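One-letter residues, chain by chain:
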Amino acid sequence: MQSKESMEIETVQSQVQNESGSLPPKPNFEPLKAHEMSDGRVQFRKVSVPPHRYTPLKKAWMDIYTPIYDHMKIDIRMNLKGRRVELKTRTDTPDISNLQKCADFVHAFMLGFDVVDAVALLRLDELYVESFEIKDVKTLRGEHLSRAIGRLSGKGGKTKFAIENATKTRIVIADTKIHILGSFANIKIARDSLCSLILGSPAGKVYSKLRAVTARLAERF
């Protein structure tokens with residue numbers, strides 16, 4: 001009984017379609033522009049400038065300004081009174097996500113990364129900045145803390161550079177804070193190596209472990 005009814009309904013629909021002719025053409029809408037997605041509202045981001053990064057920011061201002069304004073199509077200015085960098089979208093901004101990318105780029109520079117390293121955040125989507133403190137790994141005080149920082153950087157920064165080159169990351173050691181810039185998997189490898197050094201592993205042991213991990217990664221890709 002049910003099958004008969006459904007068959008009748010289908011035949012009626014097909015008759016109606018035939019009587020009216022072909023279906024109306026599909027509407028062809030132009031893609032929305034970035035500023036239209038947010039109902040034409042201008043979006044802002046503000047990045048505060050710490051006192052010790054004020055002079056480096058002055059020196060590297062044009063290197064930061066050029067890719068943000070010319071390539072990402074985002075307005076940028078330095079608020080001298082509030083001591084912060086202000087970013088906002090324009091009508092010709094191609095993608096709304098550019099604003100957050102630029103904010104991450106400026107923030108990475110404030111953390112201590114070089115402009116040439118931080119600018120990769122604008123070009124690649126899978127890069128992140130991860131921060132942690134030495135006390136998050138192990139509570140150290142006085143001489144023990146100083147020795148841990150010394151182990152992280154090594155003589156002339158040798159250990160830090162070795163970890164950076166092996167894991168394709170960039171590391172900033174600012175007093176007891178550590179910032180790592182890289183892809184998710186690479187940050188994890190670099191963080192594990194740094195944590196081993198904080199916990200007291202000698203540099204040689206960390207190097208050999210890094211060699212094994214990077215060789216395994218190279219085989220995978």
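On a predicted model such as this, the values are computed, not experimentally measured, just so you know. (Residues numbered from 1 in each chain as written. Predicted model: local features only at pLDDT ≥ 70, side-chain atom pairs only at ≥ 80, totals over all residues. Heavy atoms only, no water.)

A short note on the nonpolar core
Counting 31 residues, the largest nonpolar core has I64, I68 and F105 as its most contacted members. Mapped by element, the contributors of at least two residues to this core are α3 (54-59), α4 (61-71), β2 (74-79), β3 (84-89), α5 (97-111), α6 (115-118) and α7 (120-123). At nine residues, α5 tops the list of elements feeding residues into this core. When sequence neighbours within four positions are dropped, the list of residues in contact with I64 reads L57, I76, F105, V106, F109 and V115. Within the second largest apolar cluster, 20 residues are counted, among which are L152, I187, I198 and L210. (Core = buried A, V, L, I, M, F, W, Y, C linked by side-chain atoms within 4.5 Å. Buried < 20%, exposed > 50% of the residue type's maximum accessible area, 1.4 Å probe, protein only. Helix = DSSP H or I, 4+ residues; strand = E, 2+ residues; numbered from the N terminus. Contact = heavy atoms within 4.5 Å.)

Some remarks on helix α11 (residues 184-198)
Here α11 spans 21 Å end to end across 15 residues, near enough to the 21 Å set by a 1.5 Å rise per residue. What α11 keeps buried is the set N186, I187, I189, A190, S193, L194, C195, S196, L197 and I198. Downstream of α11 by one or two residues, G200 has phi in the positive range, about 115°. (Expected span 1.5 Å × (residues − 1).)

Points about the sheet that holds β3
Across the sheet, which stays open at both edges, the three strands sit in the order β1-β3-β2 with antiparallel pairing between neighbours. Bordering the open sheet on either side are β1 (44-48) and β2, each of which pairs with just one other strand. Shown here is a sheet whose adjacent strand axes are inclined to one another by a mean of 20°, direction ignored. Its contacts with the sheet put α4 on β2 and β3, and the angle it makes with β2 is roughly 150°. (Pairing = 2+ DSSP bridges. Axes fitted to C-alpha atoms, helices over the stretch in contact; angles between N-to-C directions.)

What about the packing of aromatic side chains?
The tally for this structure, following the rule as stated, stands at two aromatic pairs. Relative to Y65, the ring of W61 lies with its centre 6.4 Å away and its plane at 35°, an arrangement referred to as tilted. You can see W61 and its partner Y65 sitting in helix α4, four residues apart, about one turn around the helix. Y65 sits in the partly exposed class, given a relative accessible area of 24%. Among the aromatic residues, those joined into a ring-pair cluster are W61, Y65 and Y69. Positioned above the aromatic ring of Y54 is the side chain of R83, whose terminal nitrogen or guanidinium carbon lies 3.8 Å from the ring centre. Here the guanidinium or amino end of R90 rests over the ring plane of Y69, the centre of that ring lying 4.4 Å away. (Phe/Tyr/Trp six-rings, centres within 6.5 Å; stacked < 30°, edge-to-face > 60°. Lys NZ or Arg CZ within 6 Å of the ring centre and 35° of its normal.)

Some points on the packing of helix α9 (residues 143-153) against helix α10 (residues 158-167)
Interaxial distance between α9 and α10 falls to 4 Å at its minimum, and their mutual angle equals 50°. Between α9 and α10, the crossing angle belongs to the class labelled oblique. Between α9, through R151, L152 and S153, and α10, the contact on the second element is made entirely by K158, T159 and K160. Looking at the contact of α9 with α10 residue by residue, the classes come out as one nonpolar, two polar and three charged. (Parallel < 35°, antiparallel > 145°, perpendicular 65-115°, else oblique. Nonpolar A, V, L, I, M, F, W, Y, C, P; charged D, E, K, R; others polar.)

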